[in-house]
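Chain by chain, the residues run as shown.
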Amino acid sequence: MSEIPFDIKRIYYINQLENAVSIRGKHAHKACKQVIFCVSGSFLLGLDDGKRQQKILMNQDNIGIYLGPMLWHTMEDFSAGCILLVIASEYYDESDYIRDYDLFLKLAK
């Protein structure tokens with residue numbers, strides 16, 4: 001995987017997203033870097049660096065989006081059968097997560 005800009009320590013899928021109105025993510029990472037793919041279906045990826053926000057329609061299985069540290073992200077508007085693939089630079093570590101948006105905004109300054 002020469003196109004992934006970090007050493008891979010974890011790979012996981014997010015699937016069985018039957019509730020199309022649910023919102024996943026809603027966090028940032030202090031250090032972890034990720035690349036996210038939509039391998040089936042589609043979803044809307046929301047990105048926020050504390051200053052700018054953007055939404056990206058994820059619907060091509062060969063295009064991944066790099067999520068660097070300190071980037072608040074959400075996933076929503078899942079199509080039926082949607083499957084996400086996430087490749088991460090770190091093993092799971094709850095202390096790396098920022099789950100409070102107001103705290104994220106303070107740290108992102």
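(A) Structural view of the pattern of salt bridges. According to the stated counting rule, one finds four salt bridges in the structure shown. The closest approach of N and O atoms between K9 and E90, which form a salt bridge, is 3.8 Å. With K9 in the segment before β1 (10-14) and E90 in the loop between β8 (83-88) and β9 (97-98), the pair connects residues that are 81 residues apart, well separated along the chain. K9 gets classed as partly exposed once you look at its relative accessible area, which sits at 38%. Under the relative-accessibility criterion, E90 is labelled partly exposed at 29%. Across the pair E76 and K55 runs a salt bridge, and its minimum N-O distance is 2.9 Å. Within this pair, whereas E76 is found in strand β7 (residues 72-76), its partner K55 is found in strand β5 (residues 53-58), the two being separated by 21 residues in sequence. Residue classification places E76 among the buried residues on the basis of a relative accessible area of 14%. Since its relative accessible area comes to 55%, K55 is described here as exposed.

(B) Region of the structure containing unusual backbone geometry. One non-glycine residue, K26, lies in positive phi territory at about 55°. Assignment of secondary structure puts K26 in strand β2 (residues 24-29). With relative accessibility at 45%, the residue K26 sits in the partly exposed group. The phi dihedral of M70 is positive, around 55°, even though this residue is not glycine. You can call M70 partly exposed: its relative accessible area is 24%.

(C) The arrangement of empty space enclosed by the protein in detail. Inspection of every chain in the model, using the stated rule, returns one cavity of 30 Å³ or more. If you add up the space inside the largest cavity, you get close to 30 Å³. A28, H29, C32, Q34, L67, G68, L71 and H73 are the residues that line the largest cavity. Tallied by class, residues from the lining of the largest cavity come to four nonpolar, four polar and no charged.

(D) Layout of the layout of surface pockets. Quantified by volume, the largest pocket comes out at close to 180 Å³. Around the largest pocket, the lining comprises 14 residues; the ones closest to its centre are Y12, I14, H27, M75 and Y97. Contributions of two or more residues to the lining of the largest pocket are made by β1, β2, β3 (34-40) and β7. Its residues assigned to classes, the lining of the largest pocket comprises eight nonpolar, four polar and two charged.

What counts as what
One numbering rule holds for all chains: residues counted from 1, following each sequence as written. This being a predicted model, a pLDDT of at least 70 is required before a residue's local features are given, and a value of 80 or more before pairs of side-chain atoms are given or counted; all residues contribute to the totals for chains, interfaces and linings. As a rule here, side-chain values come from all non-hydrogen atoms in the structure, and water together with hydrogens is ignored. Note on definitions: salt bridges are taken to be side-chain nitrogens of Lys or Arg within 4 Å of carboxyl oxygens of Asp or Glu. By definition, any uninterrupted DSSP run of H or I lasting at least four residues is a helix, any uninterrupted run of E lasting at least two residues is a strand, and each is numbered from the N terminus. A 1.4 Å probe rolled over the protein chains alone gives each residue an accessible area, and that area as a share of the maximum for its type sets the label: buried under 20%, exposed over 50%, partly exposed in between. Buriedness for pockets is judged along seven lines, at least five of which must meet protein on both sides within 12 Å for an open set on the 1 Å grid over protein atoms alone, while cavities are sets there where a 1.4 Å probe fits but cannot get out, and lining residues have an atom within 4 Å of a point. Grid points are joined across faces, edges and corners, and a volume is the space filled by probe spheres set on the points. Classification convention: Asp, Glu, Lys, Arg as charged; Ala, Val, Leu, Ile, Met, Phe, Trp, Tyr, Cys, Pro as nonpolar; all other residues, Gly among them, as polar.

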